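# Fold and contact review
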Amino acid sequence: MSQAQTGILNSLGKHRLLLILTIEDMPLTAMSIAKIGAMTPQLCSEVSSKRPEAQLKAMVGFGPQLWSLILLDSYSTAFRALKPTNEAPYTGGDFLLYFSSDSSEFNRELAKNVVEYTQSMTESSEQIEGTVCTVQDTVRVDEKEIFLGNRNPELEQSSFAYIRRWQGEPEKVGSPGSPITLDHLLENPEVSERCSIQFSSNPFVFQDCARDLKWGQPITGSTFMLPSLDLLTGLRMGGLRMGSLSPTAIWKSL
């Protein structure tokens with residue numbers, strides 16, 4: 001049975017960092033980005049074995065256009081960018097990396113290494129940091145609403161994410177209690193912003209979620225496909241290499 005990415009349900013660290021990259025020359029670089037994403041879970045596991053106290057969890061996602069180039073199947077064509085509105089902008093993004101740990105500095109070091117390695121293939125990036133709101137830890141969800149089932153075995157235990165940054169005062173802090181999404185809500189008092197991550201097995205529900213403004217006024221919006229660990233690591237060609245000239249060498253100093 002396929003396994004879901006650990007950052008969706010089992011993020012334990014208080015500090016969270018999201019890195020959203022826009023990819024240049026996507027038809028030419030799509031599979032190179034896919035390989036970076038495919039290596040991330042194993043590399044984070046190796047880093048965690050040296051720093052278990054950090055409680056590192058990671059998550060990798062691909063935007064609609066990038067995912068359509070990585071996996072050509074009938075379900076990929078159904079995953080489209082949301083229609084922007086005045087109340088709910090859609091700002092896009094192609095490649096998502098999410099780190100959860102007990103150290104904000106540790107998250108930043110991981111993100112810095114990824115940015116340095118991908119800078120020749122990226123056009124811009126958005127880095128979002130915050131601490132998790134403890135109220136979400138009590139939320140219970142039906143995993144069948146969050147993860148794709150066996151209707152498409154290749155995508156089993158995959159999910160979709162809708163990520164927004166917010167300004168202004170929310171009506172209330174915490175999850176809106178939607179029965180069709182799992183919500184992570186982060187806050188960053190230093191910049192008076194929040195970040196919400198909503199997960200669902202059905203990307204079409206996010207257009208309805210975009211109308212929900214309980215957390216304030218959204219200033220960004222992005223959607224991503226989060227493949228299962230099995231599908232994600234299957235994108236890798238060849239074994240992991242930790243030599244000084246290998247792509248994975250960036251992780252050796254962590």
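Above: the structure in question.
Residues numbered from 1 in each chain as written. Predicted model: local features only at pLDDT ≥ 70, side-chain atom pairs only at ≥ 80, totals over all residues. Heavy atoms only, no water.

On any regular strand, side chains alternate: one points to one face of the sheet, the next to the other face. Counted residue by residue, strand β6 (residues 182–188) has 6 buried out of 7 residues, so it is predominantly covered. Of the strand pairs in this sheet, strand β4 (residues 122–132) and β6 are connected by 2 bridges, and their pairing is antiparallel. Opposite Thr131, over in β6, you have Glu187 as the bridge partner. The sheet contact formed by β6 and strand β7 (residues 193–200) spans 7 bridges and is antiparallel. Considered in β7, the bridge of Leu186 is made with Cys195. Linking β6 to β7, which pair antiparallel, is a turn of 4 residues; within it Ser192 sits at a positive phi near 55°. (Buried < 20%, exposed > 50% of the residue type's maximum accessible area, 1.4 Å probe, protein only. Helix = DSSP H or I, 4+ residues; strand = E, 2+ residues; numbered from the N terminus. Pairing = 2+ DSSP bridges.)

Position of Arg194 relative to the elements: it lies in strand β7. A distance of 3.1 Å separates the side chain of Arg194 from the backbone oxygen of Trp215, its partner in a polar contact. Look past the residues within four positions of Arg194 in its chain and what remains in contact with it is Arg164, Arg165, Trp166, Gln167, Gly168, Glu169, Pro170, Leu185, Leu186, Glu187, Trp215 and Gly216. (Polar contact = N/O pair within 3.5 Å; in protein donor to acceptor, adjacent residues only side chain to side chain. Contact = heavy atoms within 4.5 Å.)

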